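So the chains spell out like this:
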Amino acid sequence: MDFKIKTGNLANHKTPCLVLGVFERHKLTGPAEAMDKASGGRISELLKKGDLEGEAGQTLMLYELPGLAAERVLLVGRGKRKELTRAVARKTLESAVVALQQTHCTQATFALQDPLPSDADLYAAVRDTVITAEDKVYRYSQTRNDEKAPKKPLRRIELWLSGKQDKASAELSIRHASAMAAGIGLAKELSNLPGNICTPTYLAETAEQLGRDFKALKVEVLEEDRMAELGMGALLSVSRGSRQPAKLIVMHYTGGKSNAKPLVLVGKGLTFDAGGISLKPAAEMDEMKYDMCGGASVLGAVLAACELELPINMIGVVPTSENLPDGAANKPGDIVTSMSGQTIEILNTDAEGRLILCDALTYCERFDPAAVIDLATLTGACVVALGKHPAGLLTSDDKLAEEIIAAGESAADRVWRLPLWEDYQSQLESNFADIANVGGRDGGAITAACFLSRFTKQYRWAHLDIAGIASLSGKEKGATGRPVALLTQLLLERSGALN
Ligand code: BES
Ligand code: MN
Ligand code: ZN
């Protein structure tokens, strides 16, 4: 979609639809108040009929208002004036976009930036608008005939600002948000594709295409024979049970000085996780196609960095494989040797994410990273602990934790920290290997991170467990593209683009 900043006389502005906000009890402020005046009080007169109280998310379409050049006016409820937060504003935006999709408007002008939510400046509010609108118009279509798709989809949104507002900051915001939205869109599309299309090879080819699209990006794909030479016994043990060869995707984005240490993002790329011999129950197993969402988010963040030409060095690493039961698959009790030299007793073949990640994390040592952040749909236990709103953040690096938490807040893509204390490490003891791949029922998200911590001693590291946030279930089943927004925010901040 196209987004454009508009200023000037709003009453004379020609548009298929002008979107105005109404607070509870019909309170009109800012541009809504001005348009009411311009229409000779018509808006407040119509509101008196009581069809729209102003509750957040309510909408009412009006036609042919006198005194306005707009063909339609869409009123959206914004809740109580004093309670307008970013979260409420996003909800109202969503319903505005849904209402517009039911019309033949391919364009609309939003006059919703005055007043701003109490917890947002103009930059944040504009970014939320772009990302929310793009998120709402996204429809998965690759493998179906999408009959419910709007006949005339929304193509362009103008954001009207009063003359006093900072146009430059709003334009910068559109630029940043559009790149984030492209990254989120890529992550969602890859994640929604079924496991028989989005295989490790498909992910690798997608990354290679990105490498051809952007000069600053060099993509390498390590094949299984190379991984064997490197001693990646843990990663290869997972893919041995699958007919699809594993890949290790390495994307080098160089936008900064050649000697600047890279930020490395590592994403779990299980294109399907059946559990292996420790087979998962059948119910909702289809959702395990989403076990590559971490990897997809890394590709999304790389795309955003490329589009913004950020002056930073970053490396995206995606170990990708399937986890299936097969005669060659891992068996409970098997012991494998990781690239780090540590041996691992595989007590549960369904704890495969950490097996492919540990070798990828050891591989990262060669990049001399500024920091490594891994993202993985790693444990159901994280969903039990935190629900589906924040990602779980685990790290023993307080400064890195602060940075990630703040980026999550700014990007409305939040995380919540869980402890990564030494106390939990003993749950991973094995009588037969250096470490067991599971630590029992208690604190499952934490012991999973403890496992990874054994392979990340050479650099600053944080882990995001995104099992609860990467996809939605039920009627809304689909990928969210999270946490691409958080990662892009982090990249924007590290590259100084927000100063
Ligand atoms: N991919 C799953 C985790 C998962 C569960 C993601 C639910 C999204 C929703 C992971 O590979 C897994 O199976 N983890 C096991 C770990 C256990 C065997 C220690 C789990 O969470 O049950
Ligand atoms: Mn699993
Ligand atoms: Zn998994």
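Note that this is a predicted model, so its numbers are computed, not measured.

**A word on the site of ligand 1**
Close contacts around ligand 1 come from 15 residues, with K280, D291, D350, E352 and G380 the closest. The side chain of K280 places a nitrogen or oxygen atom 2.8 Å from an oxygen atom of ligand 1. Protein chains shield 74% of the accessible area of ligand 1, which is 510 Å² for the free molecule. Taken together, the residues of the shell around ligand 1 break down into 4 nonpolar, 4 polar and 7 charged.

**A few points about the coordination of the manganese ion (ligand 2)**
At 2.0 to 2.2 Å from the manganese ion (ligand 2) lie its protein donor atoms, namely D273 (OD), D350 (O), D350 (OD) and E352 (OE). Between consecutive donors of the manganese ion (ligand 2), the numbers of intervening residues give the motif D-x76-D-x1-E. Between the manganese ion (ligand 2) and the zinc ion (ligand 3), a spacing of 3.1 Å is present, and a bridge between the two is formed by D273. In this pair, D273 is assigned in strand β10 (residues 269-273) and D350 in the loop between β13 (343-346) and α10 (353-363), connecting sequence segments 77 residues apart. Given the relative accessible area of 3%, D273 is considered buried. Judged by its relative accessible area of 21%, D350 falls in the partly exposed class.

**Structural notes on the pairing of strand β5 (residues 107-111)**
Counting buried positions along β5 yields 4 of 5 residues, so the element is predominantly enclosed. Alignment of strand β2 (residues 18-22) against β5, held across 3 bridges, turns out to be parallel. Across the sheet, residue L18 finds its bridge partner in β5, namely T109. For β5 and strand β6 (residues 156-160), the ladder comprises 4 bridges, and the chain directions are parallel. Bridge pairing in β6 places F110 opposite L159. Following the backbone out of β5, through helix α4 (residues 122-137) and into the adjacent parallel β6, one traces a crossover that is right-handed.

**Here's the deal with unusual backbone geometry**
Going from D114 to P115, the amide bond is cis rather than trans, its omega being 0°. On the secondary structure map, P115 appears in the loop between β5 and α4. Cis geometry marks the peptide bond from R482 to P483, where omega comes out at 5°. Structurally, P483 can be placed in the loop between β20 (478-479) and α14 (484-494). If you check the backbone angles, E309 has positive phi at about 45° while not being a glycine. Relative to the helices and strands, E309 resides in the loop between α9 (293-308) and β11 (313-323). Judged by relative accessible area, which is 65%, E309 ranks as exposed. In this structure, A412 is a non-glycine residue whose phi angle is positive, near 55°.

**Things to note about helix α3 (residues 86-101)**
Helix length check: α3 (16 residues) gives 22 Å between terminal C-alpha atoms against 22 Å at 1.5 Å per residue, within 8%. What α3 keeps buried is the set R86, A89, T92, L93, S95, A96, V97, A99, L100 and Q101. Residues of α3 that are buried in the fold lie against β2, β3 (59-63), β4 (72-77), β5, α4 and α12 (398-410).

**Side note on helix α1 (residues 30-38)**
Given 3.6 residues to a turn, an α-helix orients residues that are three or four positions apart in the same direction. Turning to α1, its buried residues are P31, A32, M35 and D36. One face of α1 carries all of its buried residues, which in axial projection span an arc of 145°. Those residues of α1 hidden inside the fold are in contact with β2, α2 (42-47), β5 and β6.

**What about a positive patch on the surface?**
Taken together, the side chains of R25, K27, R81 and K82 make up a positively charged region of the molecular surface. Of note, R81 is situated in the loop between β4 and α3. With a relative accessible area of 35%, R81 lands in the partly exposed category.

**Let's talk about the coordination of the zinc ion (ligand 3)**
Those protein atoms acting as donors to the zinc ion (ligand 3) are K268 (NZ), D273 (OD), D291 (OD) and E352 (OE), and they sit at 2.0 to 2.4 Å. Geometry at the zinc ion (ligand 3) is octahedral, judged from its 6 donor atoms and the angles of 78 to 175° they form at the metal. Site description for the zinc ion (ligand 3): donor spacing in sequence, K-x4-D-x17-D-x60-E.

**Here we look at the packing of helix α5 (residues 167-192) against α9**
Their axes nearest at 8 Å, the elements α5 and α9 cross at an angle of 150°. In terms of orientation, α5 lies roughly antiparallel with respect to α9. Crossing hand, α5 versus α9: right-handed. In this structure, α5 uses R175, H176, S178, A179, M180, A182, G183, L186, A187, L190 and S191 to contact α9, whose residues at the interface are C293, A296, S297, L299, G300, L303, A304, E307 and L308. A breakdown of the residues in the contact of α5 with α9 according to their chemical character gives 12 nonpolar, 6 polar and 2 charged.

**A look at the pattern of salt bridges**
Scanning the entire structure with this criterion turns up 21 salt bridges. Among the ionic pairs, D273 bridges to K280, the shortest N-O distance being 3.9 Å. The residue D397 makes a salt bridge to R460 at a minimum N-O spacing of 2.7 Å. A residue pair is termed long-range when its members are at least 10 positions apart, and D397 in the loop between β15 (391-394) and α12 and R460 in the loop between α13 (444-453) and β18 (461-465) qualify at 63 residues. Among the residues examined, D397 registers a relative accessible area of 17% and is labelled buried. When its relative accessible area of 33% is taken as the criterion, R460 is described as partly exposed. Sharing partners across several salt bridges, the network here consists of R86, R90 and D128.

Conventions and cut-offs
- Residues numbered from 1 in each chain as written.
- Chains lettered and ligands numbered in written order.
- Predicted model: local features only at pLDDT ≥ 70, side-chain atom pairs only at ≥ 80, totals over all residues.
- Heavy atoms only, no water.
- Near = heavy atom within 4 Å.
- Polar contact = N/O pair within 3.5 Å; in protein donor to acceptor, adjacent residues only side chain to side chain.
- Areas by Shrake-Rupley, 256 points an atom, 1.4 Å probe, with all protein chains shown as cover.
- Nonpolar A, V, L, I, M, F, W, Y, C, P; charged D, E, K, R; others polar.
- Donors = N, O, S within 2.8 Å, 3.2 Å for Na, K, Ca; no water.
- Helix = DSSP H or I, 4+ residues; strand = E, 2+ residues; numbered from the N terminus.
- Buried < 20%, exposed > 50% of the residue type's maximum accessible area, 1.4 Å probe, protein only.
- Pairing = 2+ DSSP bridges.
- Right-handed = clockwise from strand over helix to strand, strands pointing away.
- Expected span 1.5 Å × (residues − 1).
- Contact = heavy atoms within 4.5 Å.
- Arc of directions from axis to C-beta.
- Patch = residues over 30% accessible without salt bridge, like charges linked within 9 Å, V, L, I, M, F, W, Y side chains within 5 Å.
- Salt bridge = Lys/Arg side-chain N within 4 Å of Asp/Glu carboxyl O.
- Lys, Arg positive; Asp, Glu negative; His and termini not counted.
- Charge placed at Lys NZ, Arg CZ, Asp CG, Glu CD.
- Tetrahedral: all angles 85-135°; square planar, octahedral: opposite > 155°, others 65-115°.
- Axes fitted to C-alpha atoms, helices over the stretch in contact; angles between N-to-C directions.
- Parallel < 35°, antiparallel > 145°, perpendicular 65-115°, else oblique.
- Left-handed = near helix turned anticlockwise from the far one by under 90°.

Just distances and angles here, no functional claims.
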